[in-house]
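Structural characterization, general
Each chain is listed here by its residues.
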Amino acid sequence: MIKNAYTREKLAFSILFLSTLVVVLPVILILIYIIYQGWHAISWDFLTQMPKRGMREGGIFPAIVGTLWLVLGTLIFALPLGVLSAIYLSEYAKDNFLTRAVKLAIINLAGVPSVVYGLFGLGIFVIFLKFGASILAGSLTLAIMVLPIIITTTREALDSVPQSFRQVSLSLGVSKWETIRRVVLPHALPGILTGMILAVSRAAGETAPILFTVAAFYLPRLPKSIFDQAMALPYHLYVISTQVPNIKLEIRYGTALVLLMIVLSLNLVAILVRAQFRKKRKW
Amino acid sequence: MNPIIQTRNLNLFYGTFQALHDISIDIESKMITSIIGPSGCGKSTLLRVFNRMNDLLEDVKVEGGVFIDAKNIYEPGVDLVELRKKVGMVFQRPNPFPLSVAENVLFSVKIHRTAAFKEYGDILEQSLRAVDLWDILKDKLKTSALNLTLEQQQRLCIARLLPVKPDILLMDEPCSALDPIATAHIEELMDQLKVNYTIVIVTHNMQQAARVSDRSAYLYLGDLIEYDSTEKMFTIPKDRRTEEYLAGKFG
């Protein structure tokens, strides 16, 4: 037992610092490794050309486009639905057994393995609703997967808006809905954007949900409509890493790097927007 | 006598706890009425009956009649939006929105769309003049309201009410977060405002009640013990309990 308070303080600090270092280090190493291995492959042609010779040459343009389509489609479905239901749950629903059960179910949904969502999407959207393997089916599947993230973060954002703001607004004769729209939502926006960032990252990066619902093995043309199949970066990466022999290592890492950059730059945009809002409304 | 707020046999329950017992009170128009009493005796609860802010809490039950301009505000079908436009409220802690001074004052105007854009400047000036902030803030209308002193913030909160054109201002211990000088300023302001508004103020500061109010109501454990002109009540209280409270024997 160490008696000296000063020594114990130092020890606690060292342990906490080391733990953080251990957490951060792998992230940095992964980044450095992928950039180091992949940046040779990055070129204008790589980003804008169709894949050639069974994906062993050419670019990854259709996979980039496909992933962007899927992210966009996911947000179109998931963002309004998630935010609106979060508003209902946080602001309107009475705190009773049913509401608590719904909230618990939503939290648990976030823990469902993504391949289960993939199978669900295959059953509902691809087969039952006859969308076929398509951008529509893939987006809907991804949307259902990210809904719990959006709902949970939106609810946290709404709950963090001080109760006094609502009271003042109501006491000024503003209706409840107008209070939510004009007072609560603007102040919750940064938090909602955080949820969106997480949702985008997840939707862009997941392989399993798109495996059965949209992703094409090899499709060297761009999708023409939302009912088309499309290539997508995570699945493409899986394919060229495990399914096609004799592919140059740098093409694999180049693809991984592009996926990483898309996710990071989408996040960066959202973070900048969020910072802008935070600067305007701070309390 | 011209009562604007009247309650008749008002009982209020939080779940099974009865917070107000059989309260019948007439509050006079264009006067300052103070509600005094020890903490937890139902002062704020009574105040929040008048604009139905108690409705926000779950499990609140109100019995009896509450009439504003002779209309029962607890009748089914009462428009809370209209009621709260008529009965404005100032809270204990100054609570401006984290927006600019101008946006705070114009908050209700923009939502209720009660004025055209070109009138905004006039409304802003009138409202800020009414609370003596115009000369200090006319060049700082775009600064965040949170940069103001607490006294200025509380004045701004009063100014924010005025464009709604209320008849009644409810003030829930409006000076408890302020220092004595700021308190004196707000009290002066209340005196100016009473020309145009009926003011009901909750305070546990007896001196404040004596200084500002025309009539005082003494509330103890949810009962209305005494209600009279402030002068009478503070010089010759009728009830022994009022006398003891005013003499500082408890509370």
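Residues numbered from 1 in each chain as written. Chains lettered and ligands numbered in written order. Predicted model: local features only at pLDDT ≥ 70, side-chain atom pairs only at ≥ 80, totals over all residues. Heavy atoms only, no water.

So, the overall build of chain A
A count of helical and extended segments in chain A gives 11 helices and two strands. Across chain A, helices and strands are ordered from the amino to the carboxyl terminus as α-α-β-β-α-α-α-α-α-α-α-α-α. Considered along the principal axes of its C-alpha atoms, chain A spans approximately 70 × 65 × 35 Å. Evaluated residue by residue, chain A yields a buried proportion of 43% over its 283 residues. The contacts in chain A between residues at least 6 apart in sequence include a share of 75% that link residues at least 24 apart. Carbon and sulfur atoms provide 71% of the accessible area of chain A, an area that totals close to 15200 Å². If you average the places of the 26 positive and of the 11 negative side-chain charges in chain A, the two averages end up 3 Å apart. (Helix = DSSP H or I, 4+ residues; strand = E, 2+ residues; numbered from the N terminus. Buried < 20%, exposed > 50% of the residue type's maximum accessible area, 1.4 Å probe, protein only. Contact = heavy atoms within 4.5 Å. Areas by Shrake-Rupley, 256 points an atom, 1.4 Å probe, with all protein chains shown as cover. Lys, Arg positive; Asp, Glu negative; His and termini not counted. Charge placed at Lys NZ, Arg CZ, Asp CG, Glu CD.)

Details of the packing of aromatic side chains
Going through the model one piece at a time under the given rule, you end up with 11 aromatic pairs over all chains. With a centroid separation of 6.4 Å and 85 degrees between ring planes, the pair formed by Phe120(A) and Phe125(A) is classed as edge-to-face. For Phe120(A), a relative accessible area of 41% translates into the label partly exposed. For Phe125(A), a relative accessible area of 9% corresponds to the buried category. Through a chain of ring-to-ring contacts, three or more aromatic side chains come together here, namely Phe120(A), Phe125(A), Phe131(A) and Phe227(A). When the ring centre of Tyr92(A) is taken as reference, the NZ or CZ atom of Lys176(A) above it lies at 4.6 Å. Lying across the ring of Phe13(B), Lys61(B) places its NZ or CZ 4.8 Å from the centre. (Phe/Tyr/Trp six-rings, centres within 6.5 Å; stacked < 30°, edge-to-face > 60°. Lys NZ or Arg CZ within 6 Å of the ring centre and 35° of its normal.)

Observations regarding helix H3 (residues 61–92) of chain A
Side chains that are three or four residues apart share a direction in an α-helix, a result of its 3.6 residues per turn. In this model H3(A) runs 45 Å from its N-terminal to its C-terminal C-alpha over 32 residues, within 8% of the 46 Å that 1.5 Å per residue would give. Maximum bend of H3(A): about 30 degrees, positioned at Ala78(A), with proline Pro80(A) one to four residues after it. (Expected span 1.5 Å × (residues − 1). Bend = angle between axes of the 7 residues up to and from the residue.)

Some details on the pairing of strand E1 (residues 3–14) of chain B
Residue and element names in this part refer to chain B. When E1 meets strand E2 (residues 17–28), the two strands line up antiparallel, connected through eight bridges. Opposite Tyr14, over in E2, you have Phe17 as the bridge partner. The antiparallel pairing of E1 with E2 creates a hairpin that spans two residues between the two strands, and Gly15 there sits at a positive phi of about 60 degrees. Pairing of E1 with strand E4 (residues 60–68) involves eight bridges; the strand directions are antiparallel. Bridge pairing links Gln6 to Phe67 in E4. (Pairing = 2+ DSSP bridges.)

Concerning the interface of chain B and chain A
In this complex, chain B contributes 25 residues to the contact, which on the side of chain A involves 20 residues. Here chain B and chain A share an interface that buries about 1800 Å² over both sides, 68% of which is from carbon and sulfur atoms. Per-residue buried area on chain B facing chain A is highest for Phe97(B), Pro98(B) and Ile111(B); these three make up 28% of the total on that side. Linking chain B with chain A are zero salt bridges. For the interface between chain B and chain A, the tally reads two residue pairs in polar contact (both at pLDDT 80 or more). (Buried area = accessible area lost by both parts, 1.4 Å probe. Salt bridge = Lys/Arg side-chain N within 4 Å of Asp/Glu carboxyl O. Polar contact = N/O pair within 3.5 Å; in protein donor to acceptor, adjacent residues only side chain to side chain.)

Structural notes on helix H11 (residues 249–280) of chain A
Residue and element names in this part refer to chain A. The terminal C-alpha atoms of H11, which comprises 32 residues, lie 47 Å apart, in line with the 46 Å expected from a rise of 1.5 Å per residue. Within H11, the full set of buried residues consists of Ile251, Gly254, Thr255, Ala256, Leu257, Val258, Leu259, Ile262, Val263, Asn267, Ala270 and Arg274. Buried positions along H11 lie against helix H1 (5–38), helix H2 (44–48), H3, helix H8 (176–205) and helix H10 (233–242).

Re the packing of H1(A) against H11(A)
Residues and elements named next belong to chain A. Put simply, H1 and H11 touch, their axes get as near as 7 Å, and they point 130 degrees apart. The angle between the axes of H1 and H11 places the two elements in the oblique class. Once H1 is placed against H11, the crossing between them reads as left-handed. On H11, the residues touching Leu31, Tyr33, Ile34, Ile35, Gln37 and Gly38 of H1 are Leu249, Glu250, Tyr253, Gly254, Ala256, Leu257 and Leu260. When grouped by side-chain class, the residues that make up the contact of H1 with H11 number nine nonpolar, three polar and one charged. (Axes fitted to C-alpha atoms, helices over the stretch in contact; angles between N-to-C directions. Parallel < 35°, antiparallel > 145°, perpendicular 65-115°, else oblique. Left-handed = near helix turned anticlockwise from the far one by under 90°. Nonpolar A, V, L, I, M, F, W, Y, C, P; charged D, E, K, R; others polar.)

Side note on the pattern of salt bridges
Inspection of the entire model under this criterion finds 22 salt bridges over all chains. In this structure, the salt-bridge partner of Glu63(B) is Lys61(B), at a minimum N-O distance of 4.0 Å. Owing to a relative accessible area of 47%, Lys61(B) belongs among the partly exposed residues under this scheme. Between Glu125(B) and Arg129(B) there is a salt bridge; the shortest N-O distance is 2.8 Å. Taken together, the positions of Glu125(B) and Arg129(B), both in helix H5 (residues 120–130) and four residues apart, correspond to about one turn of that helix. Exposure remark for Arg129(B): the relative accessible area of 42% places this residue in the partly exposed category. Look at the salt bridges and you will find they share partners, linking Glu178(A), Arg181(A) and Arg182(A) into a network.

Description of the confidence of the model for chain B
Residue and element names in this part refer to chain B. Looking at chain B as a whole, the pLDDT averages 91, with 100% of positions reaching at least 70. Averaged pLDDT values over the elements of chain B bottom out at 88 in helix H11 (residues 240–246) and peak at 95 in strand E8 (residues 198–202). Across the whole predicted complex the pTM is 0.84, and at the interface the ipTM reaches 0.89. (pLDDT = per-residue confidence, 0-100.)

Some points on the packing of helix H6 (residues 135–159) of chain A against H8(A)
Residues and elements named next belong to chain A. Contact pair H6 / H8: the axes reach a minimum separation of 8 Å and the direction vectors enclose 150 degrees. It follows that H6 is roughly antiparallel to H8 by the angle criterion. Both H6 and H8 take part in a crossing whose hand is right-handed. Between H6 and H8, the contacting residues are Leu142, Met145, Val146, Ile149, Ile150, Thr153, Thr154, Ala157 and Leu158 on the first element and Val184, Leu185, Ala188, Gly191, Ile192, Gly195, Leu198, Ala199, Arg202 and Ala203 on the second.

Digging into the domain arrangement of chain A
Residues and elements named next belong to chain A. Per the domain assignment, the segments of chain A are domain 1 (2–39) and domain 2 (42–280). If you average the C-alpha positions of domain 1 and of domain 2, the two centres end up 31 Å apart. Both sides together, the interface formed by domain 1 and domain 2 hides about 680 Å², and carbon and sulfur atoms give 75% of it. On the domain 1 side of the interface with domain 2, the three residues burying the most area are Ile34, Gln37 and Gly38, jointly 58% of the side's total. (Domains from an automatic or database assignment.)

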